Every structure is written in structure tokens, then in C-alpha cells.
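# Examining the three-dimensional arrangement
The lines below spell out each chain.
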Amino acid sequence: MLNIWVKEGVIDLYVKEDIDIAELVEDHFILTRPPTDGNNSQVGEGSNEGVECVNACEKGFSGNDVEDNSDNNEGNVAAYGDEDVYFVKVRYLSDGDDDDELQGLKIAVDELLLRVEHRNCARHVFANWFGKRRPKTYEFAFWKIVKLTIERQWEKNIEALVKLDDKAYKDLMSKQPKQWTKAFFRTWSKYDMVQNNGCEAFNSILVEPRHKSIITMLEEIRVYMMERIVERRKFAEKWRNAYRPCVKKQFDKQKQEGVSWQVVWKGDNGCEVKKGKMQYTVNLKKRICSCRLWQISGISCAHVCYAIWHDGGEPNEFLHKYYHKDTFLKSYQYSLQPINGSHEWKKSTLEPINLPIPKKTPGGPKTN
């Protein structure tokens, strides 16, 4: 068994089938001991297909104390006790003779994408479900289920739907509810939207360009993105607050609602906020509210706002950094550089691409 140590760093892609002498831990920059040949030499070609040994530095270290010296060009060996280790970068190397040259892409889809959260547009789910001429009460029940952030409340409303129409419930549950209801959203992205309005807005820009030739279409998209980056910078400069206007509107709504709540008790693990029969726990140090809205969106909910006021603070200070003006400007800090028109482009030496051969589609019009 090889000894593996991991350091957060750069890695291209891990292809399990091509790794013979190394194991990859968490898909990061790794250290591994090569096969011993008595000379502490790097692994030769052919014995470690798909792995490129990157130059290392001779240094003693512990498993938690690794120094990245991959820019060193001397090809030395790092030492850990009596064993040899190498800095290695894993990448897929295809020589063109593989049975499947897309193996690396398959690994990325089959393994890496499983760690990514997948969400579906709730409006599309609703259209597919509601399109069977159901009463308006089903629409209210659907959106209430979608927007609930607590799993127990979600289950309670699901039970109400079962009593209303068991067949409609089974039809709705077949659409993977964990991908379009807030009760199951992960909290790392700080994005609580249940509709893909952003994608739809961009698609509307492409309505005309996508019907044109490939070069013209890409040119129009490039010009649009180049202009949009500049426009978004100017838009941010007009903000009166440290966060964008639409966030302020949502933030003000939570603040207004927070006035009606009250803190019952405050302890080391947070405080208890209550209004009528509803009560939640808030921990300002860990930035957690039991309603989960704060964790999902990054914007302080009504319970958090009152807890902050009770603690003598200001809710604006607890807004997640993703909504700050500086973060917004960082996402548009790089510009698309201008280029010359097609009359200045170099002529390609490749053969021109011919038009596709027209094919008769099933059910198409018949020609006489």
C-alpha cells in the first residue's frame, strides 16, 4: 500500500483506470511513493500511464506539513522517514489508441458531478404537474411546499396534499422533490431561488443570434458580453448601499417582520426567538437559524434580525459577503478585450466546412 499525503492545490483530472501505483485522495494535489528501483528515480514511461511526476524538493516533513515546491526543476525526491515520495499531478493522457478517448470525461460526469448539487426549476416542475387541469388549490399547495425551508413543515404539507389527492401526490413525488424544494437545499451556495430566471433571461438574448451562422452568432454573443460587463460595473457604482437594490428590498422585508418577534431566552448556544406559537433558535456566532432561511440565502431572516437587535448589533453587518458590492465588482473585474473585424483575420489553411447534407425528417412534407 502506498503512503499518500494530500495538499490543497492544482489538479487536472483523475482517471481511475489509468492509475496503477497511486491512489487519489479528494481529487487534490497528491504525494505518493513510486515503485522502488534502488535509485530513487522517477517512474519511467509506460509504468504509470495517466500520471505525470512533477519535480519535487528534497525535504523532511510530516503528513500535515507539506510544502509545495512543484516549480523546482531539479527533479529531486522528498523524504518522509525512510520512504520516498513524489509530487505528482494527475491528468488524462490519451495517445489516440484508447478504446474510449472520452474516459476522462466519463469519470468527471460519473464521479465529480455527483458531489455537485443539482436543482430543477420549480416553475417547469409545476407546469408539467399542474398541466392536467387541476383546481387552483393545487397551485397554492405546490408553491407552499416549494418555499418551506424546514423539512418537518414540508412533510406536514405533503401529508395535507396526500389527503387532498393521493394520485396528484404520487405524480408530484416522481419529480425528485429534493431538487426543487428549499427544505432540502444545501447551504453553501447562499442561493435560494427555485426558478431558473437567470438562464431564461440569457436565453432571451440569444433568440436572434442562435439562428445565424456560427461565426456571426459567436460574435454577437461576444459583443453582448463585452458590453454587459461594462454596464454591470456602472450599475454597481450607482448603489446607495453596500449591497444591490433587490437584496435591500428583501432585507427590508425581513427587518420589518423581525419587529414583531421577541427573544425569550439567551444562552451560550444562542437565543430563542418567539412569536405566538412559532419559535426558533438563533446562533449568531455560528450564523445559524433553525428556520434555515439564513443559511440557504445568506440574508438575515426575521428571527435573526431581532436577535441581532437584541444583542445590540446591526443586521447589515451579518449579510453574507456574496451580496457585498466588492464581491459583485470582483465578478466583473475582467474585461473582454477588443479584437479586429473579420476582414483582418488570417486565412485558415484548413478546408472550408460544407453545408450539411439535407435529410428528410419523419413526417416531413412530401415532394412531387
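Residues numbered from 1 in each chain as written. Predicted model: local features only at pLDDT ≥ 70, side-chain atom pairs only at ≥ 80, totals over all residues. Heavy atoms only, no water.

Under the counting rule described, the total for this entry stands at 9 salt bridges. Close ionic contact of Asp-192 with Lys-182 constitutes a salt bridge, the shortest N to O distance being 3.6 Å. With a gap of 10 residues between them, Asp-192 in the loop between α5 (166–173) and α6 (197–205) and Lys-182 in the loop between α5 and α6 connect regions that are remote in the sequence. The closest approach of N and O atoms between Arg-222 and Glu-219, which form a salt bridge, is 3.0 Å. Residue Arg-222 and its partner Glu-219 are both found in helix α7 (residues 214–237); the two are separated by 3 residues, about one turn of the helix. (Salt bridge = Lys/Arg side-chain N within 4 Å of Asp/Glu carboxyl O. Helix = DSSP H or I, 4+ residues; strand = E, 2+ residues; numbered from the N terminus.)

This part takes up the packing of aromatic side chains. In the structure shown here, the tally under the stated rule is 15 aromatic pairs. Taken together, a centroid distance of 4.9 Å and an interplanar angle of 55 degrees make the contact between Trp-239 and Phe-328 tilted. Placement of Trp-239 in the loop between α7 and α8 (245–258) and of Phe-328 in helix α11 (residues 325–330) is noted, with a sequence separation of 89 residues between them. Among the residues examined, Phe-328 registers a relative accessible area of 11% and is labelled buried. (Phe/Tyr/Trp six-rings, centres within 6.5 Å; stacked < 30°, edge-to-face > 60°. Buried < 20%, exposed > 50% of the residue type's maximum accessible area, 1.4 Å probe, protein only.)

Taken together, the side chains of Ile-214, Ile-215, Leu-218, Ile-339 and Trp-345 define a hydrophobic patch exposed on the protein surface, amounting to about 500 Å² of accessible area. Exposure remark for Trp-345: the relative accessible area of 39% places this residue in the partly exposed category. (Patch = residues over 30% accessible without salt bridge, like charges linked within 9 Å, V, L, I, M, F, W, Y side chains within 5 Å. Areas by Shrake-Rupley, 256 points an atom, 1.4 Å probe, with all protein chains shown as cover.)

Further remarks concern the packing of helix α2 (residues 122–130) against helix α3 (residues 136–147). As a packed pair, α2 and α3 sit with axes 11 Å apart at the nearest point and diverge in direction by 150 degrees. Between α2 and α3, the angle is such that the two are roughly antiparallel. In terms of crossing hand, the pair formed by α2 and α3 is right-handed. Here Ala-122, Arg-123, Val-125, Phe-126, Trp-129 and Phe-130 of α2 come into contact with α3, specifically with Tyr-138, Glu-139, Phe-142, Trp-143 and Val-146. The class makeup of the residues in the contact of α2 with α3 is 9 nonpolar, no polar and 2 charged. (Axes fitted to C-alpha atoms, helices over the stretch in contact; angles between N-to-C directions. Parallel < 35°, antiparallel > 145°, perpendicular 65-115°, else oblique. Left-handed = near helix turned anticlockwise from the far one by under 90°. Contact = heavy atoms within 4.5 Å. Nonpolar A, V, L, I, M, F, W, Y, C, P; charged D, E, K, R; others polar.)

We now examine the confidence of the model for the protein chain. In this model, the protein chain carries a mean pLDDT of 74, and residues with pLDDT of at least 70 account for 70%. Note that residues 1–99 has pLDDT below 50 and, in this model, 183 contacts with residues that lie over four places away or in other chains. (pLDDT = per-residue confidence, 0-100.)

What follows concerns the environment of Glu-159. Its location among the elements puts Glu-159 in helix α4 (residues 151–164). Here Glu-159 falls in the partly exposed class, since its relative accessible area comes to 44%. Here the alpha-carbon distance between Glu-159 and Tyr-169, two residues 10 residues apart in the chain, equals 8.9 Å.

Quick look at the environment of Val-247 now. Residue placement: Val-247 occurs in helix α8. Val-247 sits in the buried class, given a relative accessible area of 4%. Through-space distance from the C-alpha of Val-247 to that of His-324 is 9.8 Å; in sequence the pair is 77 residues apart. Ignoring anything within four residues of it in the chain, the contact list for Val-247 reads Ile-299, Leu-319 and Tyr-323.

Our focus in this paragraph is the pairing of strand β8 (residues 278–283). Two strands pair when backbone bridges link them, and strand β7 (residues 270–275) and β8 are joined in this way by 5 bridges, in the antiparallel orientation. Looking at the pairing, Val-273 lines up with Tyr-280 of β8. The hairpin turn running from β7 into β8, its antiparallel successor, is 2 residues long, and Gly-276 in that turn takes a positive phi close to 65 degrees. Note: β8 against strand β9 (residues 288–289), 2 bridges, orientation antiparallel. If you follow Val-282 over to β9, its bridge partner there is Cys-289. (Pairing = 2+ DSSP bridges.)

The next subject is α2. Among all positions in α2, only Ala-122, Val-125, Phe-126 and Trp-129 are buried. One face of α2 carries all of its buried residues, which in axial projection span an arc of 100 degrees. (Arc of directions from axis to C-beta.)

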